[in-house]
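Structural overview
Listed below are the residues making up each chain.
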Amino acid sequence: MPTTTETTAPEETEALAAQLAEHLRPGDVVLVSGELGAGKTTFVRGACRALGVAGAVTSPTFTIARRYDGDVPVSHLDLYRLGDLADEDPALLADELGPDRVAFVEWPEVGTPAGLDPERVVAQVRLEHRGGDRRLVVVRDTRPSAPPAQP
Ligand SMILES: Nc1ncnc2c1ncn2[C@@H]1O[C@H](COP(=O)(O)OP(=O)(O)OP(=O)(O)O)[C@@H](O)[C@H]1O
Ligand SMILES: [Mg+2]
């Protein structure tokens with residue numbers, strides 16, 4: 001079941017992200033979609049803070065991916081311009097999505113990077129404008145459920 005929350009300030013969106021981050025571990029991938037300015041990077045920033053990232057967390061639009069050192073290594077991908085960057089070495093993106101890292105992917109609808117195993121997508125977040133500073137934040141847990149206990 002997805003959880004749907006309306007936030008009224010960026011800090012509230014960051015706090016929601018921090019809650020999600022509590023459950024993240026290396027290898028986990030979170031997809032974050034929504035229109036321009038909906039708050040994707042704001043959400044990722046909140047999650048990164050909770051994961052112990054201290055420095056700036058800004059949109060990596062012109063680099064496709066940024067890396068942060070938190071309590072775990074974190075990657076932040078923005079695929080918005082991936083189409084312009086057909087020459088991008090797919091192996092580089094695969095590196096960003098290594099099993100040792102937590103990864104956040106903005107604009108996942110643009111394409112699935114090489115190395116992104118769908119099984120590792122543990123949450124899909126969607127943000128929608130609701131006027132002014134209000135945003136609808138829908139978090140869908142897509143973590144594969146644990147196998148049933150053996151009798
Ligand atoms: N409730 C809210 N939640 C998130 N951001 C908000 C909220 N209210 C206002 N904002 C503002 O909206 C802007 C969201 O920008 P942000 O860079 O996070 O969006 P984005 O979805 O990553 O955009 P882009 O598609 O350009 O990458 C920020 O300036 C943020 O402060
Ligand atoms: Mg962004």
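Once that is clear, we can look at the nonpolar core. Residues Ala47 and Val125 are the most contacted members of the largest nonpolar core, which totals 35 residues. Mapped onto this core, the elements with two or more residues apiece are helix H1 (10-21), strand S2 (29-34), helix H2 (40-50), strand S4 (73-78), strand S5 (102-106), strand S6 (121-129) and strand S7 (135-141). Discounting residues that sit within four places of it in the chain, Val125 has contacts with Val30, Leu31, Val32, Phe43, Val137, Val138 and Val139.

Let's shift gears to the site of ligand 1. Surveying the vicinity of ligand 1 reveals 18 residues, the closest of which are Thr13, Gly39, Lys40, Thr41 and Thr42. At the level of secondary structure, the elements contributing two or more residues to the shell around ligand 1 comprise H1 and H2. Across the shell around ligand 1, the residue classes break down as 4 nonpolar, 9 polar and 5 charged.

Further remarks concern H1. Here H1 is 12 residues long and its end C-alpha atoms lie 16 Å apart, about the 16 Å a rise of 1.5 Å per residue gives. The complete set of buried residues in H1 reads Thr13, Glu14, Leu16, Ala17, Leu20 and Ala21. Each buried residue of H1 lies within a common arc of 160 degrees when the element is viewed along its axis, so the set occupies one face. Residues of H1 that are buried sit in contact with strand S1 (3-7), H2, S6 and S7.

With that settled, consider H2. Most of H2 is tucked away: 9 of the 11 residues are buried. Residues of H2 that are buried include every one of Lys40, Thr41, Thr42, Phe43, Val44, Arg45, Gly46, Ala47 and Cys48, and no others. For H2, the secondary structure elements touched by its buried residues are H1, S2, strand S3 (65-69), S4, S5 and S6.

The strand order across the open sheet formed by 7 strands is S1-S7-S6-S2-S5-S4-S3, and the pairing between neighbours is mixed. In this open sheet, the two edge strands, each paired with only one partner strand, are S1 and S3. Within this sheet the neighbouring strands show an average axis-to-axis angle of 20 degrees, counted without direction. Relative to S5, S2 is paired through 4 bridges, and the arrangement is parallel. Along S5, the bridge assignment pairs Leu31 with Val105.

What counts and what doesn't
- Residues numbered from 1 in each chain as written.
- Chains lettered and ligands numbered in written order.
- Predicted model: local features only at pLDDT ≥ 70, side-chain atom pairs only at ≥ 80, totals over all residues.
- Core = buried A, V, L, I, M, F, W, Y, C linked by C-beta atoms within 7 Å.
- Buried ≥ 20, exposed ≤ 12 C-beta atoms within 10 Å, placed from the backbone.
- Helix = DSSP H or I, 4+ residues; strand = E, 2+ residues; numbered from the N terminus.
- Contact = placed C-beta atoms within 7 Å.
- Near = placed C-beta within 6 Å.
- Nonpolar A, V, L, I, M, F, W, Y, C, P; charged D, E, K, R; others polar.
- Expected span 1.5 Å × (residues − 1).
- Arc of directions from axis to C-beta.
- Pairing = 2+ DSSP bridges.
- Axes fitted to C-alpha atoms, helices over the stretch in contact; angles between N-to-C directions.

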